[in-house]
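Reading the structure
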2 protein chains.
Amino acid sequence: MTAESFRALHRAGQPLLLPNAWDYASAAALVDAGFAAVGTTSLGVAAAHGLPDGHGVTRAETLALARRLARLPCHLTVDIEAGFSDDPTDVVRLARDLAAAGAVGVNIEDGRADGTLAPAGAQCELIGEVKAQVPDLFLNARTDTHWLTGAHPSPLDEAVARARAYRSAGADGIFVPGLADDAGIRTVVSAVDAPVNVLYLPGRHTVRQLADLGVCRISCGSLLFRAAIHAAVAAARTIERGESLQGNPPGYAEIVDLIDRWA
Amino acid sequence: MTAESFRALHRAGQPLLLPNAWDYASAAALVDAGFAAVGTTSLGVAAAHGLPDGHGVTRAETLALARRLARLPCHLTVDIEAGFSDDPTDVVRLARDLAAAGAVGVNIEDGRADGTLAPAGAQCELIGEVKAQVPDLFLNARTDTHWLTGAHPSPLDEAVARARAYRSAGADGIFVPGLADDAGIRTVVSAVDAPVNVLYLPGRHTVRQLADLGVCRISCGSLLFRAAIHAAVAAARTIERGESLQGNPPGYAEIVDLIDRWA
């Protein structure tokens, strides 16, 4: 598993559906289900530890998780928020540690905890520095023009400008979460010569529809994590009400086997 | 929240349904759903870290989790397997740390990783030592007579003998996971003057039926964790197939609010 074999999974017409894990068990279960690549969700990792997302406070937890996931036979790409530091040297060090652990990709976002976007120039310098120092990571540059509504008066124009700038700075892929209208997706796909990644939004598009729009990667973001938390609470409430549980979750022994498999 | 107020939740006729969490988010969501007490699941905690359950290797992870959960407005009881050590001094130290963190209860089991039961005498000494040194923890003594099938030729007789011995040694409650037949449950309930705890087994009994059998506590064990992992994988596969997701998981902002609420 290398950044190059990971890059090859970003295919126009047959995009990479990337499920996002938040701990070892969720990642192992996704690999066991046949997914060739797994991402992490910064919301899930933060929430699992009782910490806020997007505030740069989960560097240690994220690196520890990546080291645990490295033994799984999948391509691993890690959501490192904005890099967990304002100092590019720290971000480079983290990227190097992740690559050494076995990750083949990272997501770096330009959204800030205060709801603003990092200046494009500074973000390009960060991207360039990480790619120069750690070339063997697929760097997916995320722009939060659409995610942080209100961060910019013309989100699509800004997304296109940033996508081009980040690509020129060395980004391997461009991620625009929240970009969800067909015309907007087509515009970004046409504007940049790199795989474009969007967030899967339930009820909006199918994987097939996004493939037809030229998207090369579809991330689940925090959706699987949220579905998991929802299912746990729903099961507890169902038991409380004396009703029958739906679905057929794995048994104790199946989870034991899952953890043993790649121990 | 004290061991005494936790003890009061163990009511004959109106048992405590204890949902078990494996990380901060799952625990917070259960508290948010109205559960007054939350346990931990050693399988879930271990699997979340890619480690085996029941092998005594998750002491640090369990204590770290308990410290995170302490800020939640609920009674917290912690599954510490067999204590993560053969040395009662270590188990006492852990119990003290958990009580200091805010936990009001612990589960200590007599099952061993090799599928045998710890000698009853040694287990009684351990229980007595923990209760003597850390009296402010509700000590739920788990016997694995039924869980480790084959560990004993007469599981019910052994469960009764151990329940009485553990109770005499100071245990506040008795947990017999896998005990699932009505006569057996009634036998253990009659035999010991302490709250009896069983594991919820889907399709076997309802909470009401277990209440009528005299059970005072019903644990979900790893079931909610397994339901969560199942839901995450099922959601990813549903998306992959181009089908609509079932259920209505919380949105990103709801998870952010959940983590902020007790920050």
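So, here's what we can say about the structure. Position numbers for residues count from 1 along each chain, tracking the sequence in the order it is written. Both sets of labels track the order of writing: A upward for chains, 1 upward for ligands. Predicted model: local features are reported for residues with pLDDT of at least 70 only, side-chain atom pairs are reported and counted for 80 or more only, and whole-chain, interface and lining totals are derived from all residues. Heavy atoms from the whole structure form the basis of all side-chain values; hydrogens and water molecules are not counted.

**A few points about the overall build of chain A**
- A tally of helices and strands in chain A yields 11 helices and nine strands.
- Our radius of gyration is a C-alpha quantity, and the globule rule it is checked against amounts to 2.2 Å times the number of residues to the power 0.38. Here chain A has a C-alpha radius of gyration of 18 Å; the compact-globule value for 263 residues is 18 Å, and the two agree.
- For chain A, the spread of C-alpha atoms along the three principal axes comes to 55 × 40 × 35 Å.
- When the accessible surface of chain A is summed, it comes to about 9800 Å², and 49% of that surface belongs to carbon and sulfur atoms.
- Positive: Lys, Arg. Negative: Asp, Glu. His and the chain ends are not part of the count. Taken as the charge centre is NZ of Lys, CZ of Arg, CG of Asp or CD of Glu, depending on the residue. Here chain A contributes 22 positive and 30 negative side-chain charges, whose respective centroids are spaced 3 Å apart. Where helices and strands are cited, they refer to DSSP runs of H or I of at least four residues and of E of at least two residues respectively, numbered from the N terminus. Accessibility throughout is a Shrake-Rupley quantity obtained with a 1.4 Å probe, and a residue counts as covered only by protein chains that appear here.

**Re the sheet that holds strand β2 (residues 20-21) of chain A**
- Note: two strands are recorded as paired if DSSP finds a minimum of 2 bridges between them. Strand order across the open sheet formed by nine strands is β1-β9-β8-β7-β6-β5-β4-β3-β2 (chain A), with parallel pairing between neighbours. What marks the edges here is a single partner per strand, and that holds for β1 (16-18) and β2 of chain A.

**Some points on the pairing of strand β8 (residues 196-199) of chain B**
All names here are of chain B.
- Partly exposed residues are those whose accessible area sits between 20% and 50% of the maximum for their type, while under 20% is buried and over 50% is exposed, using a 1.4 Å probe and protein chains only. Burial along β8 is two-sided: Val-196 and Val-198 facing one way and Asn-197 and Leu-199 facing the other are all buried.
- Examined bridge by bridge, strand β7 (residues 173-175) and β8 share two bridges and lie parallel to one another. Note on β8: the bridge partner recorded for Ile-174 is Val-196.
- When the strands point away from the viewer, a crossover counts as right-handed if the route from the first strand across the helix to the second turns clockwise. What joins β7 to β8 is helix α8 (residues 182-191), and the crossover it makes is right-handed.
- Alignment of β8 against strand β9 (residues 217-219), held across three bridges, turns out to be parallel. Bridging across to β9, Val-198 finds its partner in Ile-218.
- Between the parallel pair β8 and β9, the chain is carried across by helix α9 (residues 207-212), and the sense of this crossover is right-handed.

**A short note on the interface of chain A and chain B**
- Counting residues at the interface gives 55 residues for chain A and 55 residues for chain B.
- Buried area counts how much accessible surface, traced with a 1.4 Å probe, disappears from two parts once they are put together, with both parts' losses summed. Together chain A and chain B conceal approximately 4600 Å² of surface at their shared face, both sides included; 74% is due to carbon and sulfur atoms.
- Among the residues chain A hides against chain B, the three largest losses belong to Arg-226, Ile-239 and Tyr-252 of chain A. Together they make up 14% of the total.
- We count a salt bridge whenever a side-chain nitrogen from Lys or Arg sits within 4 Å of a carboxyl oxygen from Asp or Glu. Taken together, chain A and chain B are joined by zero salt bridges.
- The definition of a polar contact used here is a pair of N or O atoms within 3.5 Å, where within protein one atom must be able to donate a hydrogen and the other to accept one, and adjacent residues in sequence count solely through side-chain atom pairs. At the boundary of chain A with chain B, the tally comes to 10 residue pairs in polar contact (both at pLDDT 80 or more).
- When residues of the side of chain A that touches chain B are traced back to their parent elements, those giving at least two are α2 (24-32), α3 (42-48), α10 (223-240) and α11 (252-261) of chain A. Contacts: residue pairs with any heavy atoms within 4.5 Å of one another.

**What about the pairing of strand β3 (residues 37-40) of chain A?**
All names here are of chain A.
- Neither face of β3 is left uncovered, since the one carrying Ala-37 and Gly-39 and the one carrying Val-38 and Thr-40 both have all their residues buried.
- Here two bridges tie β2 to β3, and the two strands are oriented parallel to one another. Bridge assignment links Ala-21 to a residue of β3, and that residue is Thr-40.
- Following the chain from β2 across α2 to the adjacent parallel β3, one finds a crossover that is right-handed.
- Pairing between β3 and strand β4 (residues 75-79): three bridges, direction parallel. For Val-38, the partnering residue across the bridge sits in β4 and is Leu-76.

**Observations regarding the relation of the copies chain A and chain B**
- Copies overlap after least-squares fitting; the atoms used are the C-alpha atoms of residues with pLDDT of at least 70 in both. Relative to chain B, chain A is turned by 180° and slid 0.0 Å along the rotation axis, the superposed coordinates differing by an RMSD of 0.0 Å. Considering both components of the superposition, the chain copies are consistent with a two-fold axis. Within chain A, Ala-228 of chain A has its C-alpha nearest the rotation axis, a separation of 2.0 Å.
- Of the interface residues in chain A, 100% have counterparts in chain B that sit at the interface too, so the contact is made through matching surfaces.

**Some details on α11 of chain A**
- Buried within α11 of chain A we find Ile-255, Leu-258 and Ile-259 of chain A. When α11 of chain A is viewed along its axis, its buried side chains cluster within an angular range of 90° and face the same direction.
- Looking at the packing, one finds that the buried side of α11 of chain A touches α2 of chain A together with α3 (42-48) and α10 (223-241) of chain B. Here the arc refers to the directions that run from the helix axis out to each C-beta atom.

**Some remarks on the packing of α2 of chain A against α11 of chain A**
Residue and element names in this part refer to chain A.
- The contact between α2 and α11 brings their axes to 10 Å, and the two run at 85°. Here α2 is positioned roughly perpendicular relative to α11, judged by the angle of their axes. Residues Tyr-24, Ala-25, Ala-28, Ala-29 and Asp-32 of α2 touch α11, and the partners they reach there are Leu-258, Ile-259 and Arg-261.
- For the contact of α2 with α11, a count of residues per class yields six nonpolar, no polar and two charged. Lines fitted to the C-alpha atoms define the axes, with helices restricted to the stretch that makes contact. Angles between their N-to-C directions range from 0 to 180 degrees. For classification purposes, an angle smaller than 35 degrees is called roughly parallel, one larger than 145 roughly antiparallel, one from 65 to 115 roughly perpendicular, and anything else oblique. Polarity classes work like this: nonpolar for Ala, Val, Leu, Ile, Met, Phe, Trp, Tyr, Cys and Pro, charged for Asp, Glu, Lys and Arg, and polar for all others, with Gly in that last group.

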